[in-house]
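# A closer look at the structure
If you want the building blocks of each chain, they are given just below.
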Amino acid sequence: MNHIANRWLAPILALFLAFAALPAQAGALDGISNADAGSGVREALAKGAEFAVSSLGQQNGFLGNKKVKIPLPGYLDDAESALRMFGMGKQADQLVETMNHAAENAVAEALPILSDAIRRMTLQDAKAILTGGDDSVTQYFRRSTSDQLVTRFQPIVKAATSKLQLAEQYNNFAGKAANFGLIDKKDADIDSYVTHKAMDGLFLVIAEEERKLRANPLGAGSAILKKVFGAL
């Protein structure tokens, strides 16, 4: 009988402890003032934005980072070995390098847009970020800056790719590949493809920084970040 009782007692006790922890967490968050919550989230946004722009917007920021390096899209990426077989390896390398350096140049100009989104953040936004998932900072930036980033990035990317005659050949070939469903139609234009890949890389790095902060708020090096994110 004691054995049976112990078998049921352990999960019931664990469940009780789990529910008991919920009010404590809520109480910790309730102890954070609106002003501190806003300041903490703004600092977290600024920290992630500055790190992402500085790390990606430098020479080889994309090209030297396997997580964000921009490859030839879809079918063209699969066909890269064939291009090399026919002696076009140099052109393929040149196109990949140009795409990635264009992304680096574009991301280097992102900080004013991200900073403006931080200034426009409301208290409701701050609360949603605090209580959201591990990438809620990133999702806030994605919602509030994507259109402006496309507008800012695309001319910078175009200026880089227009210097390469191969870009026009890419668009012609990729357009035909898109008609056959071999690549996504939005990837059929090199400037659009690089612009969106640059944004994806930017948001990926911001998300990584956010996860680090949430996992270890005490190591954030900032009293307000420790206070606000340490209460989660």
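Residues numbered from 1 in each chain as written. Predicted model: local features only at pLDDT ≥ 70, side-chain atom pairs only at ≥ 80, totals over all residues. Heavy atoms only, no water.

### Things to note about the overall build of the protein chain
- Broken down by element type, the protein chain carries 11 helices and zero strands.
- Across the 232 residues in the protein chain, those meeting the buried criterion constitute 39%.
- For the protein chain, the proportion of contacts with a sequence separation of at least 24, taken over those separated by at least 6, is 78%.
- Looking at the protein chain as shown, the accessible area adds up to about 12900 Å², and 57% of this sits on carbon and sulfur atoms. (Helix = DSSP H or I, 4+ residues; strand = E, 2+ residues; numbered from the N terminus. Buried < 20%, exposed > 50% of the residue type's maximum accessible area, 1.4 Å probe, protein only. Contact = heavy atoms within 4.5 Å. Areas by Shrake-Rupley, 256 points an atom, 1.4 Å probe, with all protein chains shown as cover.)

### Here's the deal with the environment of Ser-192
- With respect to the helices and strands, the residue Ser-192 is situated in helix H10 (residues 190–215).
- Residue class for Ser-192 comes out buried when judged on its relative accessible area of 15%.
- C-alpha of Ser-192 to C-alpha of Phe-153: the two residues are 39 residues apart in sequence and 9.4 Å apart in space.

### Brief notes about the nonpolar core
- Within the largest apolar cluster, 49 residues are counted, with the highest numbers of intra-cluster contacts made by Leu-45, Met-99, Phe-141, Phe-153, Val-194 and Leu-202.
- Elements represented by at least two residues in this core include exactly helix H2 (34–56), helix H5 (89–107), helix H6 (111–119), helix H7 (123–131), helix H8 (136–161), H10 and helix H11 (223–229).
- The dominant element in this core, judged by the number of residues it contributes, is H10, at 10 residues.
- Leaving out residues up to four positions away in the same chain, Met-99 has contacts with Ile-70, Pro-71, Leu-72, Ile-190, Tyr-193 and Val-194. (Core = buried A, V, L, I, M, F, W, Y, C linked by side-chain atoms within 4.5 Å.)

### Some points on unusual backbone geometry
- In this model, Asn-60 sits at a positive phi of 65°, which is unusual for a non-glycine residue.
- Residue position: Asn-60 is located in the loop between H2 and helix H3 (74–78).
- Asn-60 gets classed as partly exposed once you look at its relative accessible area, which sits at 37%.

### Some details on the packing of H6 against H8
- Between H6 and H8, the shortest axis-to-axis distance is 9 Å and the interhelical angle comes to 145°. Read as a crossing pair, H6 and H8 show a hand that is right-handed. Residue-level contacts link Pro-112, Ile-113, Leu-114, Ala-117 and Ile-118 of H6 to Tyr-140, Phe-141, Ser-144, Thr-145, Gln-148, Leu-149 and Arg-152 of H8. (Axes fitted to C-alpha atoms, helices over the stretch in contact; angles between N-to-C directions. Left-handed = near helix turned anticlockwise from the far one by under 90°.)

### Here's the deal with the pattern of salt bridges
- Summed over the entire model, instances satisfying the criterion amount to six salt bridges.
- Put simply, Asp-116 and Arg-119 hold a salt bridge, and the shortest N to O gap is 3.5 Å. Residue Asp-116 and its partner Arg-119 are located together in helix H6, separated by three residues, close to a single helical turn.
- A relative accessible area of 30% places Asp-116 in the partly exposed class.
- The exposure class of Arg-119 is exposed, given its relative accessible area of 58%.
- One salt bridge connects Asp-191 with Lys-158, and the closest N-O pair in it is separated by 3.6 Å. Linking Asp-191 in helix H10 with Lys-158 in helix H8, this pair joins segments that are 33 residues apart in sequence.
- When salt bridges with common partners are traced through the structure, they connect Asp-116, Arg-119 and Arg-120 into a single cluster. (Salt bridge = Lys/Arg side-chain N within 4 Å of Asp/Glu carboxyl O.)

### Concerning H2
- With 23 residues, H2 should cover 33 Å at 1.5 Å per step; its first-to-last C-alpha distance of 33 Å lies within 8% of that length.
- Residues Ala-37, Gly-38, Gly-40, Val-41, Ala-44, Leu-45, Gly-48, Ala-49, Ala-52, Val-53 and Leu-56 constitute the buried set of H2. (Expected span 1.5 Å × (residues − 1).)

### Section: the side chain of Ser-146
- By the secondary structure assignment, Ser-146 is in helix H8.
- A polar contact of 2.6 Å, which involves the side chain of Ser-146, links it to the backbone oxygen of Arg-142.
- Once residues lying within four places of it in the same chain are set aside, the contact partners of Ser-146 are Phe-141, Met-199 and Phe-203. (Polar contact = N/O pair within 3.5 Å; in protein donor to acceptor, adjacent residues only side chain to side chain.)

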